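A structural walkthrough
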Amino acid sequence: MSLPSNLAVDVEMQRSIVTTDCVSSDYLAPVVNYLKNCGLEVVDILEGTVIGATYPDDIPDMLSKRDCEKIINVANTKLKQSPYMLGLCVGVSMRPTGFGQLGYVGMCSGTFDEALEHSSRFLPLVTPLMGLKYSQHDERVFLEIVELKPIDEPIYGFLIGLFLGGLRALSLFLLGDNLFSFISESTVRLKISAESYPDLMLLQQGPIDVQFGCEKNCITFSRELAFQPLINGNESALRSAVVSCERLLEERQVKQLQQKDRIIEMVCSVIEKYDGAVPDLDEVAKILCLSPRTLSRRLKSADTSFTKVVMDIRMLKAQRLFRDARLSIKEVSYQLGYSEVSNFSIAFKKYYGESPSEFRHKFVS
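Here's what I pulled together on the structure shown here. These figures come from a predicted structure and were not determined experimentally.

This structure, assessed with the given rule, holds twelve aromatic pairs. When the ring of Phe322 is compared with that of Phe344, the centres are 6.2 Å apart and the planes differ by 40°; the resulting orientation is tilted. Taken together, the residues span a long stretch of sequence, with Phe322 in helix H13 (residues 306-322) and Phe344 in helix H15 (residues 341-352) at a distance of 22 residues. Residues Phe322 and Phe344 agree in their burial class; the two are buried. Centroid distance Phe322 to Phe359: 6.1 Å. Interplanar angle 50°. Geometry classified as tilted. On the criterion of sequence distance, the pair formed by Phe322 in helix H13 and Phe359 in helix H16 (residues 356-364) is long-range, its members being 37 residues apart. Residue Phe322 is classed as buried on the basis of its relative accessible area, which comes to 0%.

The next thing to look at is the nonpolar core. Ranked by internal contacts, the top residues of the largest apolar core, which has 76 residues, are Val23 and Leu35. Ranked by the residues each element gives to this core, the list is headed by helix H8 (residues 155-175), at twelve residues. Core analysis: the next-biggest nonpolar cluster, separate from the first, contains 19 residues, Val267, Cys268, Ile271 and Phe306 among them.

Relative to the assigned elements, Val43 resides in helix H3 (residues 42-45). Counting along the chain gives 30 residues from Val43 to Asn73, while the straight-line C-alpha distance between them is 14 Å.

Let us now look at the packing of H13 against H15. The contact between H13 and H15 brings their axes to 11 Å, and the two run at 95°. Classified by the angle between their axes, H13 and H15 sit roughly perpendicular to one another. Only Phe344, Ala347, Phe348, Tyr351 and Tyr352 of H15 make contact with H13, whose side of the interface consists of Met311, Asp312, Met315, Leu316, Ala318, Gln319 and Phe322. Considered class by class, the residues forming the contact of H13 with H15 number ten nonpolar, one polar and one charged.

Right, let's get into unusual backbone geometry. With an omega of 5°, the peptide bond between Tyr55 and Pro56 qualifies as cis. In this structure, Pro56 sits in the loop between H3 and strand E2 (62-64). Look at the link from Glu153 to Pro154: it is a cis peptide, with omega at 5°. Inspection of the secondary structure puts Pro154 in the loop between strand E4 (140-147) and H8. At Lys80, a position not held by glycine, the phi torsion is positive, near 55°.

Below, the discussion takes up the sheet that holds strand E5 (residues 187-189). Within a sheet, neighbouring strands are paired by backbone hydrogen bonds and run either parallel or antiparallel to one another. Strands sit in the order E3-E4-E7-E5-E6 across an open sheet of five strands; the sheet is mixed. Strands with a single pairing partner mark the edges of an open sheet, and in this sheet they are strand E3 (130-137) and strand E6 (209-211). The average angle at which neighbouring strand axes cross in this sheet is 15°, direction not considered. Pairing between E3 and E4: eight bridges, direction antiparallel. From the neighbouring strand, Tyr134 faces E4, where its bridge partner is Leu143. Most of the contacts of helix H7 (residues 112-122) go to E3, to which it runs at about 145°, and overall it touches E3, E4 and strand E7 (217-222).

Turning our attention to a negative patch on the surface. On the surface, Glu69, Glu147, Asp152 and Glu153 cluster together to form a negatively charged patch. Tracing the backbone through its elements, the reader meets Glu147 in strand E4. Owing to a relative accessible area of 38%, Glu147 belongs among the partly exposed residues under this scheme.

The next thing to look at is helix H4 (residues 65-79). Along its 15 residues, H4 runs 21 Å from first to last C-alpha, staying within 8% of the 21 Å computed at 1.5 Å per residue. Listing the buried residues of H4 in full gives Asp67, Cys68, Ile71, Ile72, Val74 and Ala75. An end-on view of H4 places all buried positions within 145° of arc, on one side of the element. Looking at the buried residues of H4, the elements they touch are strand E1 (21-24), helix H2 (28-37), H3, E2, helix H5 (83-93) and H8. Lys80 occupies a position one or two residues after H4 and carries a positive phi of about 55°.

What counts, and at which threshold
- Residues numbered from 1 in each chain as written.
- Predicted model: local features only at pLDDT ≥ 70, side-chain atom pairs only at ≥ 80, totals over all residues.
- Heavy atoms only, no water.
- Phe/Tyr/Trp six-rings, centres within 6.5 Å; stacked < 30°, edge-to-face > 60°.
- Helix = DSSP H or I, 4+ residues; strand = E, 2+ residues; numbered from the N terminus.
- Buried < 20%, exposed > 50% of the residue type's maximum accessible area, 1.4 Å probe, protein only.
- Core = buried A, V, L, I, M, F, W, Y, C linked by side-chain atoms within 4.5 Å.
- Axes fitted to C-alpha atoms, helices over the stretch in contact; angles between N-to-C directions.
- Parallel < 35°, antiparallel > 145°, perpendicular 65-115°, else oblique.
- Contact = heavy atoms within 4.5 Å.
- Nonpolar A, V, L, I, M, F, W, Y, C, P; charged D, E, K, R; others polar.
- Pairing = 2+ DSSP bridges.
- Patch = residues over 30% accessible without salt bridge, like charges linked within 9 Å, V, L, I, M, F, W, Y side chains within 5 Å.
- Areas by Shrake-Rupley, 256 points an atom, 1.4 Å probe, with all protein chains shown as cover.
- Salt bridge = Lys/Arg side-chain N within 4 Å of Asp/Glu carboxyl O.
- Lys, Arg positive; Asp, Glu negative; His and termini not counted.
- Charge placed at Lys NZ, Arg CZ, Asp CG, Glu CD.
- Expected span 1.5 Å × (residues − 1).
- Arc of directions from axis to C-beta.

Below, the structure is given as structure tokens:
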């Protein structure tokens, strides 16, 4: 099926569809600075990304999966560095203020336990793709990293590394030298195989017990460490930081709901530009610069499907057409792309609970 000549999708609207939130833009400067220190130029680091055209101005709140993947692949190609090690090195190099509002919450917390509780709650401000499960059992603390959405490499590895490195940097800032009296009792369990990423073997040379090929991504350490008082604890400042995080989280959730509506709007916009014939999933995905699988997944996250969107459009259009008394049911069926009137009649009755003739009678009687 050839595409209609009048079919065009607004570029800015299209960008909002093809870029899924990955990680807070608070991490962009540290990533760029780290790669610059490794000898790369900014133009090479951001080549092919949407943000590259406007950097360092006009940066969105969240970096897209597409842009993150391009940057990570640059590090892998130019430096032969795995996504895990890139995330780890960037996280370790950051100061608490580099973690945005989440960093301020940690800095103001009275204990490490309190900082971890708030981090688990407000992690969506960092990434909507992963979450934390914080628990305590038998004098040990467990911090599990869980996937909230399907994540493929290299994003998956980068986020795991970024979390581990960031936790280490934040812990050192909050605990100071006290960290090193407990660090040998800590364990890091990773699901990945060390053989797949040889540069991670360096982790096993440090004081922390690092295990690969585990069932979960999890960090465990002494409960005594979790309740160490923090010298920077400030209850008043913490309340203010928590309120700020709550507000940002609410704004992010509203934005996500708007994005869900946006994908449906864009699919409808494409389909409605076809006269008679209805495009299939592959064609619509191609126009929106998505794979069919990704488009299906995005629609599912918006609590719908491609089939349902097509049906909604057809049935709403049928309503409009039936208001024209000159059109027969057969003509309406043809304009909606049905090859058989009987198929249209069955679909219409299932959708509205009455037959086309019964519905049309309301407007011609």
